Amino acid sequence: MNETSTHTTDGARTTSAPFRSGMIAIVGRPNVGKSTLINRLVGEKVAIVSPVPQTTRTRVLGILHRADAEVTFVDTLGLHKARHLLNEAMIRAARAALDEADVVCMVIDATAGWRPGDRAVLSLVTAKRGPVVLVINKVDRVKKPALLPLIDVCRKAHAFAEIVPISAQHDADFEPLLRALAALVPAGDAHYPADEYTDQTTRAMAAEFIREAILLSTREEVPHAVAVRIEEFREDPATGLVSISAQVLVEKESQKAILIGTGGSMMKQVGEQARMEIERLLGAKVYLSLWVTVEPNWRQDSRQLGELGYA
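**With respect to the overall build of the protein chain**
Part 1: Secondary structure summary: the protein chain contains nine helices and 11 strands in total.
Part 2: Taken against the 2.2 N^0.38 rule, which gives 19 Å for 311 residues, the C-alpha radius of gyration of the protein chain at 21 Å falls within 12% of a compact globule.
Part 3: If you line up the protein chain on its principal axes, its C-alpha atoms span 75 × 50 × 35 Å.
Part 4: The burial tally for the protein chain puts 48% of its 311 residues in the buried class.
Part 5: Relative to all contacts within the protein chain whose residues are 6 or more apart in sequence, the contacts with residues 24 or more apart total 71%.
Part 6: Once the 37 positive and 38 negative side-chain charges of the protein chain are each reduced to a mean point, those two points are 7 Å apart.

Take a look at the structure:
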């Protein structure tokens, strides 16, 4: 196990705290800012972000390398009542993340206050023994006099290891929160290369960036009924151009019409937004081809869920 050491002014060697390594599950109700937070803490975009509830569908791992610790953050979906097999799979993934985590980082929305949904999340969290850090997010949207009573309510709700008010979207310095979280993970060695910030494949991240562009461009019933399957992911060694073909699944013909748009305008917009994100990820030029397919009730089809990586 690695240790760091310092020396006193008379030359004597003193051993400081051991290197730490552990997993932190980020949990909370839908739309409290969990994905934005993990991206800011890791310093890279590992989770897609949109105003649509249940944007996160699968286990998303972000790895932070510090001088004193290696911290792996697991972004979980907003805990909610299941309506489809897809939702059930998502909730199982969130609970599995709780089971394997060393520390839980629970996020609430300062503008909403302490809600019944937060109490429900807390009951799941406290069923697992271990420290819980509470993050009160979006404090930039509330006045300070309103924040103090909320902190007091939270203190009475549970003996949190720390309560940290932040704005995941606007804060520049997350060191106080990172220091508090890193101090709670167990002593241990690093498990990932220093240049690795997620365990997701580039194919999986490309599919998520396409879905993110759809979520940001559509409304009503379309976002929840959309899934993306990468059919081809090929790099030309001579030119460096990456060619990606992806199938976009919806459940109804009406959703397909909305997603394609007049003269293909919506799909063109989605493709441009997604291509820019994928090019940033890969550091290469990308040719992106998208087509929309109707798969009725795919969210209730265990075979489809398995093929899409949701089961």
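**Concerning the packing of helix 6 (residues 202-217) against helix 8 (residues 265-282)**
Part 1: Close contact between helix 6 and helix 8 brings their axes to 8 Å; oriented N to C, the two are set at 140°. By the angle between their axes, helix 6 is oblique relative to helix 8. Crossing angle aside, the handedness with which helix 6 passes helix 8 is right-handed. Contacts between helix 6 and helix 8 pair T202, M205, A206, F209, I210, E212, A213, I214 and S217 from the former with M266, Q269, V270, Q273, A274, E277, I278, R280, L281 and L282 from the latter.

**Details of unusual backbone geometry**
Part 1: In this structure, N31 is a non-glycine residue whose phi angle is positive, near 65°.
Part 2: Looking at the element boundaries, N31 is found in the loop between strand 3 (20-28) and helix 1 (34-42).
Part 3: In this structure, N297 is a non-glycine residue whose phi angle is positive, near 55°.

**Some remarks on the sheet that holds strand 10 (residues 242-250)**
Part 1: Pairing within the open sheet is mixed, and its three strands lie in the order 9-10-11. Looking at which strands have only one partner, the edges of the open sheet turn out to be strand 9 (227-235) and strand 11 (286-294). On average, each strand axis in the sheet is tilted by 15° relative to the strand beside it, whichever way the strands run.
Part 2: Here strand 9 runs beside strand 10; their pairing, made up of eight bridges, is antiparallel. The residue bridging R229 from the neighbouring strand is Q247, located in strand 10.
Part 3: Along the sheet, helix 6 contacts strand 9, strand 10 and strand 11; its crossing angle with strand 9, the most-contacted strand, is approximately 130°.
Part 4: Across the sheet, helix 8 touches strand 9, strand 10 and strand 11, and the angle it forms with strand 11 is around 135°.

**As for the pattern of salt bridges**
Part 1: This model, assessed by the stated rule, comprises 17 salt bridges.
Part 2: As a salt-bridge pair, D118 and R29 come within 2.9 Å of each other at their nearest N and O atoms. Taken together, the residues span a long stretch of sequence, with D118 in helix 3 (residues 116-126) and R29 in the loop between strand 3 and helix 1 at a distance of 89 residues. Grouping residues by exposure puts D118 and R29 together as buried.
Part 3: Salt-bridge contacts for E307 lead to R303; the nearest nitrogen and oxygen are separated by 2.9 Å.

**Regarding the nonpolar core**
Nonpolar side chains in soluble globular proteins tend to be buried together.
Part 1: Residues I210, I214, I244, L259, I278 and L288 are the most contacted members of the largest nonpolar core, which totals 30 residues.
Part 2: Those elements that provide at least two residues to this core are helix 6, strand 9, strand 10, helix 8 and strand 11.
Part 3: Top element by residues in this core is helix 6. It accounts for eight residues.
Part 4: Beyond its immediate sequence surroundings of up to four residues, L259 is in contact with I214, T218, V226, V248, V250, M266, M267 and V292.
Part 5: Listed in part, the 28 residues of the second largest apolar core include I24, L41, V133 and L181.

**A short note on empty space enclosed by the protein**
With a probe scaled to a water molecule rolled over the atoms, the places where space remains empty come into view.
Part 1: Considering all chains together, one arrives at two cavities of 30 Å³ or more under this definition.
Part 2: Volume-wise, the largest cavity comes out at about 70 Å³.
Part 3: Considering the residues around the largest cavity, the lining is formed by K45, V46, A47, I48, T55, T56, V60, Q200, M205, E208 and F209.
Part 4: At three residues, helix 6 tops the list of elements feeding residues into the lining of the largest cavity.
Part 5: For the lining of the largest cavity, the class distribution of residues is six nonpolar, three polar and two charged.
Part 6: There is about 40 Å³ of room inside the second largest cavity.
Part 7: Around the second largest cavity sit R57, T58, R59, D75, T76, L77, M90, A93 and A94, which together line it.
Part 8: Take the lining of the second largest cavity: its biggest share by element is three residues, from helix 2 (residues 85-100).

The rules behind the values
- Residues numbered from 1 in each chain as written.
- Predicted model: local features only at pLDDT ≥ 70, side-chain atom pairs only at ≥ 80, totals over all residues.
- Heavy atoms only, no water.
- Helix = DSSP H or I, 4+ residues; strand = E, 2+ residues; numbered from the N terminus.
- Rg over C-alpha atoms; globule rule 2.2 N^0.38 Å.
- Buried < 20%, exposed > 50% of the residue type's maximum accessible area, 1.4 Å probe, protein only.
- Contact = heavy atoms within 4.5 Å.
- Lys, Arg positive; Asp, Glu negative; His and termini not counted.
- Charge placed at Lys NZ, Arg CZ, Asp CG, Glu CD.
- Axes fitted to C-alpha atoms, helices over the stretch in contact; angles between N-to-C directions.
- Parallel < 35°, antiparallel > 145°, perpendicular 65-115°, else oblique.
- Left-handed = near helix turned anticlockwise from the far one by under 90°.
- Pairing = 2+ DSSP bridges.
- Salt bridge = Lys/Arg side-chain N within 4 Å of Asp/Glu carboxyl O.
- Core = buried A, V, L, I, M, F, W, Y, C linked by side-chain atoms within 4.5 Å.
- 1 Å grid on protein atoms, 1.4 Å probe; cavity = no way out; pocket = protein on both sides within 12 Å on 5 of 7 lines; lining within 4 Å.
- Points joined across faces, edges and corners; volume = space filled by probe spheres on them.
- Nonpolar A, V, L, I, M, F, W, Y, C, P; charged D, E, K, R; others polar.

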